[in-house]
Amino acid sequence: MGAYRASMASSFSLVHSATLLKNSIFLRRSRVLAFSLHLSPFSTSSATLSSDVLHAHKKSRQPVAATLLELGGVKVARDEIVKDDPTNNVPDSIFSKLGLQLHRRNNHPLGILKNAIFDYFDTTYPNKFTKFDDLCPIVSVKANFDDVLVPADHVSRSYNDTYYIDSQTVLRCHTSAHQAELLREGHTHFLVMGDVYRRDSIDATHYPVFHQMEGVRVFNPADWEGSGKDGTQFAAEDLKKCLEGLAQHLFGGVEMRWIDTYFPFTNPSFELEIYFQEQWLEVLGCGVMEQDILRRNGRTDNVAWAFGLGLERLAMVLFDIPDIRLFWTTDERFTSQFSKGQLGVKFKPFSKFPPCYKDMSFWISDSFTENNLCEVVRGIAGDLVEEVKLIDNFTNKKGMTSHCYRIAYRSMERSLTDEEINDLQWKVREQVETKLKVVLR
């Protein structure tokens, strides 16, 4: 789980920060502890923004359908998100996903799963947990990183990993970006659900936009006094009981096990795994919240637990969905298979169109990263690109390193023609060479 890591996978008003108001909008509310299951592990790229990297981040501005969106009750223009600020690396392909909120569609697998989790908390803890699923994904760097104790030099802050609107504003990487604010406002039991954004690889289980849910519960000293346990032990036991019940609610009577782990925001920290379909599956990350987070937000005497999970990861397992791109399709052969309240209906594949593979070799530069390559390919081919995979690399006697990538193009809805695939590949080669400062072979 990246920051609360994630292989595939956690409606208030907008908050304006006086220090950000100049040219950037700072909308708020989004966070699920990065314990989530879709945050990919943070890359090892440098957080330094070199001129070459800046050049690599310049996007081709493809037209998008909407230029004005409403997020969390606030209207946001395209040029406030995709702009010429030297630190901006948000492409139109990402802007086009803002506001779609798949998790709020009751007939969508993500919405069905979200509602099932909400039902569990409503039944198990009646009138306890406040639910937020419409918080704006535009947040400050402080909320996204500092408030959850991410070190200033942590690689997760890299422009290679995170979508920056400007140097102080990002598209949230996890729903945990709302945690501190909600604590300051007095919330003690809450669930936050929303879309999160991370520059990522391209394959069947990774996508630059995904969905997380975070849960937080705060305890007062009176809650654990008399139990014979200290606050941390009391909270940890309550957390495990809660999440074991949630796993049974979603997956039935499965075998479970707890794994001790490390997250920067919790101590102790755990991962929950279940034995499902003859394999151990990592379901979520969680732990007892670091006291420093509570102290910073006016809760000196309290103890709290928090968890985060990735919706896509769980939905792909529960609904047998083989490709993460399918969550975004409007093809009725997909959308018509799911109905409100029907958790775990198995997806029936429709005709799978043939893939087309194109290889591309080049000498890399010092600033080259695979995430930058994937951004270029995705910016040109969109969801027609199925996978970008490194298939060969070597370093010659002069110390020059060559990479060969295989790009798989495949539409989920139709057969692609040779002409359009060749056109896509030509554009990819052209932009990879000019934007990433590599030399094609």
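Residues numbered from 1 in each chain as written. Predicted model: local features only at pLDDT ≥ 70, side-chain atom pairs only at ≥ 80, totals over all residues. Heavy atoms only, no water.

A. Broad picture of helix α4 (residues 109-124). Taking 1.5 Å per residue as the helical rise, α4 with its 16 residues ought to reach 22 Å, and the 23 Å between its terminal C-alpha atoms agrees with that figure. Of all the 16 residues making up α4, twelve are buried; the element is thus mostly covered by neighbouring parts of the structure. Buried residues of α4: P109, L110, G111, I112, L113, K114, N115, A116, I117, F118, Y120 and F121, and no others. (Helix = DSSP H or I, 4+ residues; strand = E, 2+ residues; numbered from the N terminus. Expected span 1.5 Å × (residues − 1). Buried < 20%, exposed > 50% of the residue type's maximum accessible area, 1.4 Å probe, protein only.)

B. Quick look at the sheet that holds strand β10 (residues 266-276). The mixed open sheet is built from seven strands, whose spatial order is β3-β7-β8-β12-β11-β10-β9. Taken across any chain shown, the strands that pair with only one partner, and hence form the sheet edges, are β3 (130-132) and β9 (255-263). The sheet shows a mean angle of 20 degrees between the axes of neighbouring strands, taken without regard to direction. Two elements, β9 and β10, share eight bridges in a ladder whose sense is antiparallel. (Pairing = 2+ DSSP bridges. Axes fitted to C-alpha atoms, helices over the stretch in contact; angles between N-to-C directions.)

C. Expanded view of empty space enclosed by the protein. Each pocket or cavity is described by its volume, and for the second largest cavity that value is around 60 Å³. If you go around the second largest cavity, the residues you meet are I202, D203, H206, Y207, R325, R378, G382, D383, V385 and E386. Grouping the constituent residues of the lining of the second largest cavity by class yields three nonpolar, two polar and five charged. (1 Å grid on protein atoms, 1.4 Å probe; cavity = no way out; pocket = protein on both sides within 12 Å on 5 of 7 lines; lining within 4 Å. Points joined across faces, edges and corners; volume = space filled by probe spheres on them. Nonpolar A, V, L, I, M, F, W, Y, C, P; charged D, E, K, R; others polar.)

D. View of the sheet that holds strand β13 (residues 356-363). Read from one edge to the other, the open sheet built from four strands follows the order β14-β15-β13-β16, with strand pairing classed as antiparallel. Looking at which strands have only one partner, the edges of the open sheet turn out to be β14 (385-395) and β16 (439-440). Direction of pairing for β13 relative to β16: antiparallel, over a ladder of two bridges. Within the sheet, the bridge partner assigned to W363 lies in β16 and is V439. Along the sheet face, helix α12 (residues 370-381) touches β13, β14 and β15 (401-409) and points at about 145 degrees away from the line of β14. Set on the sheet, helix α13 (residues 418-436) makes contact with β13, β15 and β16; between it and β13 the angle comes to about 20 degrees. (Contact = heavy atoms within 4.5 Å.)

E. View of the nonpolar core. Core analysis: the biggest nonpolar cluster contains 74 residues, and F121 and F251 have the highest contact counts within it. Of the residues forming this core, the biggest block, ten residues, is contributed by helix α8 (residues 231-251). Setting aside residues up to four positions removed in sequence, F251 forms contacts with I274, F276, L281, L314, V317 and L318. Counting 27 residues, the second-largest nonpolar core is a separate cluster that includes L183, F263, F265 and A306. (Core = buried A, V, L, I, M, F, W, Y, C linked by side-chain atoms within 4.5 Å.)

F. The arrangement of the environment of S365 in detail. Note that S365 resides in the loop between β13 and α12. The exposure class of S365 is buried, given its relative accessible area of 15%. Sequence spacing of S365 and V439 is 74 residues, and the spatial spacing of their C-alpha atoms is 8.3 Å. Dropping the residues within four chain positions of it, S365 is found in contact with L436, K437 and V438.

G. Inspection of the pairing of β15 at higher detail. Within β15, eight of the nine residues are buried, which leaves the element mostly enclosed by the surrounding structure. As defined by bridge partners, β14 adjoins β15 across nine bridges and the pair is classed as antiparallel. Residue pairing in the sheet places T395 in a bridge with T401 of β15. Counting the residues between successive antiparallel strands, the hairpin from β14 to β15 contains five residues, one of them, G399, with a positive phi of roughly 85 degrees.

Scope: geometric values only; no functional claims are made or implied.
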